[in-house]
Amino acid sequence: ATMGTERSLSVLWEVNKPFSIEEVEVAPPKEHEVRIKIMATGICRSDDHVITGALVEPFPIILGHEAAGVVESVGQGVTSVKPGDKVVPLFVPQCGECKNCLSSKGNLCINTDLGTRRGLMPDGTTRFTCKGKAVHHFLGTSTFTEYTVVHESAVAKIDSAAPLEKVCLIGCGFSTGYGAALQTAKVEPGSTCAVFGLGGVGLSVIMGCKVAGAARIIAVDINSNKFAKAKELGATDCINPKDFDKPIHEVLTEMTGGGVDYSFEVIGRTDTMTAAFACCHYNYGVSVIVGVPPAAQNITFDPMLLFTGRSWKGSVFGGWKGKDAVPKLVDDYMKKKFVLDPLITHTLPWTKINEGFDLLRTGKRFVLRF
Ligand code: COD
Ligand code: ZN
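Residues numbered from 1 in each chain as written. Chains lettered and ligands numbered in written order. Predicted model: local features only at pLDDT ≥ 70, side-chain atom pairs only at ≥ 80, totals over all residues. Heavy atoms only, no water.

Definition in use: UniProt positions are given in the numbering used here, feature names are shortened, and annotations may be inferred rather than shown by experiment.
Within an unreviewed UniProt entry, the label attached to the protein chain reads alcohol dehydrogenase, and the organism entered is Ficedula albicollis. Checking UniProt for the protein chain, the heading Subcellular location (unreviewed entry) contains the comment "Cytoplasm". Looking at the protein chain in UniProt, the text filed under Subunit (unreviewed entry) is "Homodimer."

Structure below.
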């Protein structure tokens, strides 16, 4: 089926409903588009946020944005990939022409659907039809399906030897955390770091801090069961805020004789964002927000915290420009510069997608195999 219609994927019709496995028509790729056979996809917290309604997207929709697959066919004018290439779809594309792509400092291509949430291809249409109804795309990727269509700017060609059921994590969770340390914070050798939240993304921040040569990496979580893996991946200290009767930012400031060089919030809560900011060094500390902020919540803080010299930053997809960086990250994985196995607790056949989400909600991180 080179240019015909492909089928079968999991559609979410409404908020708070399970996915239904449906026959879906996946139209051939148009000009500058690529149709991909998905081989493995991770399940990420942001997918769950759409199911619960915390992240508002148009329905019906095909979710999923952390995946790896093989190019099945390409539309006219596509030059960077060809059928048979192994690829990772990019929820932050790299068009190479917008102001952010052209800046050496930016990575948030204006063509990402993160801010707009239109649920459509860049040309304003959809490639998915189910029971005669148009089905929306998610973040320009939609990977909970055997076949998807993405724009050429939203796909990176990777090493043909890469194991797809592992490197799919480079499509979101791993790169988001790892890049927050290496790209956004630019952690230096000998520095002290604090990482709030030890899910898959927080553990990837720890790996980034370690690769950067941090001397001390303090892991913070209210679930002490997360500490063993954090230590295995490079944390030097692990602390549970529940074990102290004073605020955790004070504990960290005392532990480090005045505050950490770099702190990371990898939970997505305003109280921990403020705590992570307050625990970094008053004069030159840098705090990075990695967790997706809860909708419609604001932070109130003492501006003196900034006045004395601290910096507060955010990071999407670890600051990486995807088309350039993802192939290199896959190469680094192949050279064993970092590991991905400890981030994956289970691998399931993709038709068990609803079970995967039940387990995600108990803190597990899944990869679905096609
Ligand atoms: N204090 C300390 N730790 C806490 C607290 C608290 N008050 N509350 C929860 N935690 C811990 C939990 O015990 C858990 O271990 C951890 O925080 C969160 O882990 P997970 O498994 O829920 O989350 P992850 O690692 O999968 O990360 C998801 C984020 C929360 C970071 C989420 O915001 C995200 O996926 N961000 C990616 C950012 C992004 O770019 N998204 C765009 C497209 S995905
Ligand atoms: Zn994600």
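Brief notes about the overall build of the protein chain
Here is the rule: Runs of H or I in DSSP of at least four residues are treated as helices and runs of E of at least two as strands, each being numbered from the N terminus. Both definitions apply: the radius of gyration is a C-alpha atom measure, and the globule rule equals 2.2 Å times residues to the power 0.38. Only protein chains enter the accessibility calculation, which uses a 1.4 Å probe. A residue is then buried if its area is under 20% of the maximum for its type, exposed if over 50%, and partly exposed in between. In this description, contact between two residues means that some pair of their heavy atoms is separated by no more than 4.5 Å. Residue-level accessible areas treat just the shown protein chains as cover; the underlying method is Shrake-Rupley with a 1.4 Å probe. Only four residue types enter the charge count: Lys and Arg as positive, Asp and Glu as negative, with His and the chain ends excluded. By convention, charge coordinates are those of NZ in Lys, CZ in Arg, CG in Asp, or CD in Glu.
Within the protein chain, the secondary structure is distributed over 11 helices and 18 strands. Taking 21 Å as the expected radius of gyration for a compact globule of 370 residues, we find that the protein chain reaches 20 Å, a close match to that expectation. Taken along its principal axes, the extent of the C-alpha atoms in the protein chain is 65 × 40 × 35 Å. Expressed as a percentage of the 370 residues in the protein chain, the buried residues total 54%. For the protein chain, long-range pairs separated by at least 24 residues make up 70% of all intrachain contacts whose partners lie at least 6 apart in sequence. When the accessible surface of the protein chain is summed, it comes to about 15,400 Å², and 53% of that surface belongs to carbon and sulfur atoms. With 39 positive and 38 negative side-chain charges, the protein chain shows a spacing of 2 Å between the two charge centroids.

What about the sheet that holds strand S8 (residues 133-135)?
Selection criterion: Pairs of strands are assigned from DSSP output, requiring at least two bridges between the strands.
Ordered in space as S3-S7-S8, the three strands form an open sheet in which the pairing is antiparallel. Two strands in the sheet have a free side with no partner beyond their single neighbour: strand S3 (25-26) and S8. Here S3 runs beside strand S7 (residues 128-130); their pairing, made up of two bridges, is antiparallel. If you follow Glu25 over to S7, its bridge partner there is Thr129.

Some details on the site of ligand 1
Definition in use: Residues are labelled near a given molecule or strand when at least one of their non-hydrogen atoms is within 4 Å of it. Polar contacts here mean pairs of N or O atoms no more than 3.5 Å apart (in protein, one a potential hydrogen donor and the other a potential acceptor; neighbouring residues in sequence count only if both atoms are side-chain atoms).
As a matter of local geometry, ligand 1 sits amid 26 residues, with Ser46, Val201, Asp221, Val292 and Arg365 nearest to it. Contacts to ligand 1 include Gly200, whose backbone N or O atom sits 3.0 Å from an oxygen atom. Note that an oxygen atom of ligand 1 is positioned 2.9 Å from one of the backbone N or O atoms of Val201. With the chains in place, 87% of the 910 Å² that ligand 1 exposes on its own is no longer accessible. Elements that contribute at least two residues to the shell around ligand 1 include exactly helix H1 (45-52) and helix H5 (200-211). When residues in the shell around ligand 1 are grouped by element, the largest group, three residues, is from H5.

Quick word on the coordination of the zinc ion (ligand 2)
Test applied: Each metal site is built from N, O and S donor atoms within 2.8 Å (3.2 Å for Na, K and Ca), and since water is not included, such sites may look incomplete. Irregular is the label for any site that misses the other tests, which are tetrahedral for four donors with all angles between 85 and 135 degrees, and square planar for four donors or octahedral for six when opposite donors exceed 155 degrees and the remaining angles lie between 65 and 115.
The coordination sphere of the zinc ion (ligand 2) contains the protein donors Cys44 (SG), His65 (NE2) and Cys172 (SG), at a distance range of 1.9 to 2.5 Å. For the zinc ion (ligand 2), the four donor atoms in the first shell make angles of 99 to 119° at the metal, so the coordination geometry reads as tetrahedral. Sequence spacing among the residues donating to the zinc ion (ligand 2) works out to C-x20-H-x106-C. Of this pair, His65 sits in the loop between H1 and strand S5 (66-74) while Cys172 sits in the loop between helix H3 (164-167) and helix H4 (173-185), placing them 107 residues apart in sequence.

Considerations on the sheet that holds strand S13 (residues 237-239)
Formally: Here, axes are lines fitted to C-alpha atoms. For helices the fit covers the stretch in contact, and angles between N-to-C directions go from 0 to 180 degrees.
In space, the six strands of this open sheet follow the order S13-S12-S11-S14-S15-S16, with parallel pairing throughout. In the strand order of this sheet, the two ends are held by S13 and strand S16 (311-314), each with one partner. Going from strand to strand, the sheet's axes swing by 20° on average, the running direction of each strand aside. The pairing of strand S11 (residues 192-196) with strand S12 (residues 216-220) spans five bridges and is classified as parallel.

Some remarks on the nonpolar core
Under the convention used in this document: The term nonpolar core refers to a set of buried residues drawn from Ala, Val, Leu, Ile, Met, Phe, Trp, Tyr and Cys, joined through side-chain atoms within 4.5 Å.
Judged by nonpolar contacts, the single largest core of 76 residues is most densely connected at Ile170, Val187, Ile206 and Phe264. In terms of residue count, the dominant contributor to this core is H5 (six residues). Among all residues touching Ile206, those that are not within four sequence positions of it are Val195, Leu198, Ile217, Ala219, Ala230, Leu233, Gly234 and Ala235.

So, the pairing of strand S15 (residues 286-289)
Short version of the rule: Viewed with both strands pointing away, a crossover whose connecting path from the first strand over the helix to the second turns clockwise is right-handed.
Of the two faces of S15, the one lined by Val286 and Val288 and the one lined by Ser287 and Ile289 are each fully buried. Where strand S14 (residues 262-265) meets S15, four bridges bridge the pair, whose relative direction is parallel. Bridge assignment links Phe264 to a residue of S15, and that residue is Val288. As a crossover connection, the stretch from S14 through helix H8 (residues 270-278) into S15 is right-handed. The sheet contact formed by S15 and S16 spans four bridges and is parallel. Looking at S16, one finds that Val288 is bridged to Lys313.

So, the side chain of Asp113
The topology assignment puts Asp113 in the loop between helix H2 (99-102) and S7. At 2.9 Å, the side chain of Asp113 forms a polar contact with the backbone nitrogen of Arg118. Residues contacting Asp113, with those up to four places away along its chain left out, are Arg118, Gly119, Leu120, Leu139 and Gly140.

As for the packing of aromatic side chains
Note the following rule: By convention, a stacked pair of Phe, Tyr or Trp rings (six-membered ring in the case of Trp) has centres within 6.5 Å and planes under 30 degrees apart, an edge-to-face pair has planes over 60 apart, and any other such pair is tilted. When the NZ atom of lysine or the CZ atom of arginine is within 6 Å of a ring's centre and also within 35 degrees of its normal, the charge is said to sit over that ring.
Here the structure, examined in full by the defined rule, presents 12 aromatic pairs. Aromatic pair Phe91 and Phe317: ring centres 5.4 Å apart, planes at 75°, arrangement edge-to-face. With Phe91 in the loop between strand S6 (86-89) and H2 and Phe317 in the loop between S16 and helix H10 (322-334), the pair connects residues that are 226 residues apart, well separated along the chain. Side by side, Phe91 and Phe317 carry an identical accessibility label, which is buried. One aromatic cluster is present, formed by Phe174, Tyr178, Tyr333 and Phe338 through successive ring pairs. For Lys37, the ring lying beneath its charged end belongs to Tyr147, and the centroid distance is 5.3 Å.

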